Amino acid sequence: MSQISVFDMTGKKVADTELNDAIFGIEPNKAIMHAMVVNYLANQRQGTQSTLTRTEVRGGGRKPWRQKGTGHARQGSIRAPQWVHGGVALGPKPRDYSYSLNKKERRLGMKSALSTKVVDENLVVVDSIKLESYKTKAVVEMLKALGAEGKALIVTAESDKTVVKSAANIPGVKTATVNTLSVYDILNYDKFIISSEAVKKIEEVYA
């Protein structure tokens with residue numbers, strides 16, 4: 001178990017807590033983290049690009065000239081791929097780019113990403129991330145107090161509309177819950193701000 005400081009939303013240290021080394025203290029596996037990022041980006045692709053083949057382009061139903069005797073090469077349609085305005089040969093069609101990694105790889109990737117944040121001293125534990133009302137200024141002040149004014153990921157145990165909406169307009173800031181956390185987001189944001197409750201939930205899930 002390794003110790004880490006716990007702060008409140010004003011940036012004041014309020015306690016120390018222990019992190020499970022089996023989750024937050026492993027040797028990061030860069031290959032698995034890369035595979036997880038590639039998988040995440042592939043799964044985000046919509047795959048809606050589409051081109052028209054020669055059967056889908058309007059026109060071209062009549063043979064442009066007779067088969068023999070004209071001196072031209074034989075042609076069956078003015079919508080064949082070699083013609084201007086012809087159909088596209090072997091062009092993209094809507095497809096699903098998503099694929100899945102096995103459970104063991106996903107768990108190792110998540111642990112590696114979390115451990116990377118601890119090693120780089122970019123993981124900040126907050127005793128409680130709660131807001132009484134929708135207030136962007138409160139989140140901005142919290143991030144400033146915690147030294148996380150750049151790209152920051154705020155993680156709570158459960159979805160909190162007040163926190164989500166208050167952080168929504170801040171450039172470079174994203175909110176997530178333990179259930180929606182991805183390796184891509186962990187690595188993409190510089191600072192990892194997480195509530196004590198969310199730390200316990202992560203340790204329960206990945207222990």
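Description of the structure in this document. (Residues numbered from 1 in each chain as written. Predicted model: local features only at pLDDT ≥ 70, side-chain atom pairs only at ≥ 80, totals over all residues. Heavy atoms only, no water.)

**Description of the packing of helix α2 (residues 30–44) against helix α3 (residues 103–119)**
In step 1: It is at 9 Å that the axes of α2 and α3 come closest, and there the two elements cross at 110°. Taken as axis vectors, α2 and α3 run roughly perpendicular relative to one another. Along its contact with α2, which presents I32, M33 and M36, the element α3 presents E105, R106, L108, G109, S112, A113 and T116.
In step 2: Its residues placed into classes, the contact of α2 with α3 shows 5 nonpolar, 3 polar and 2 charged. (Axes fitted to C-alpha atoms, helices over the stretch in contact; angles between N-to-C directions. Helix = DSSP H or I, 4+ residues; strand = E, 2+ residues; numbered from the N terminus. Parallel < 35°, antiparallel > 145°, perpendicular 65-115°, else oblique. Contact = heavy atoms within 4.5 Å. Nonpolar A, V, L, I, M, F, W, Y, C, P; charged D, E, K, R; others polar.)

**Remarks on the nonpolar core**
In step 1: In this structure, F24, L114, L181, F192, I194 and I202 are the most contacted members of the largest nonpolar core, which totals 30 residues.
In step 2: Once you skip the residues sitting within four places of it in the chain, L181 turns out to touch M110, L153, V155, A176, I186, F192 and I202.
In step 3: Judged by nonpolar contacts, the second largest core, of 17 residues, contains L131, L146, I154 and V173. (Core = buried A, V, L, I, M, F, W, Y, C linked by side-chain atoms within 4.5 Å. Buried < 20%, exposed > 50% of the residue type's maximum accessible area, 1.4 Å probe, protein only.)

**A closer look at α3**
In step 1: The terminal C-alpha atoms of α3 lie 24 Å apart, and with 17 residues this matches the ideal 24 Å at 1.5 Å per residue to within 8%.
In step 2: Those residues of α3 lying buried are G109, M110, K111, S112, A113, L114, S115, T116 and K117.
In step 3: On its buried face, α3 is in contact with α1 (21–24), α2, β3 (123–126), α6 (183–188), β6 (191–195) and α7 (196–206).
In step 4: Directly beyond the C-terminal end of α3, a positive phi value near 55° is found at E121. (Expected span 1.5 Å × (residues − 1).)

**Some details on the pattern of salt bridges**
In step 1: On inspection of all chains with the given rule, the structure shows 4 salt bridges.
In step 2: Between D185 and K174 there is a salt bridge, and its shortest N-O distance comes to 2.8 Å. With a gap of 11 residues between them, D185 in helix α6 and K174 in strand β5 (residues 173–177) connect regions that are remote in the sequence.
In step 3: Judged by relative accessible area, K174 falls into the partly exposed class, the value being 28%. (Salt bridge = Lys/Arg side-chain N within 4 Å of Asp/Glu carboxyl O.)

**Some remarks on unusual backbone geometry**
In step 1: Located in the positive-phi region is L90, a residue other than glycine, with phi close to 60°.
In step 2: With respect to the helices and strands, the residue L90 is situated in the loop between α2 and α3.
In step 3: Notably, E121 is not glycine yet its phi reads approximately 55°, a positive angle.
In step 4: With respect to the secondary-structure elements, E121 resides in the loop between α3 and β3.

**Regarding the side chain of T177**
In step 1: Positionally, T177 belongs in strand β5.
In step 2: Beyond its immediate stretch of four places on either side in the chain, T177 contacts V155, T156, A157, E158 and S159.

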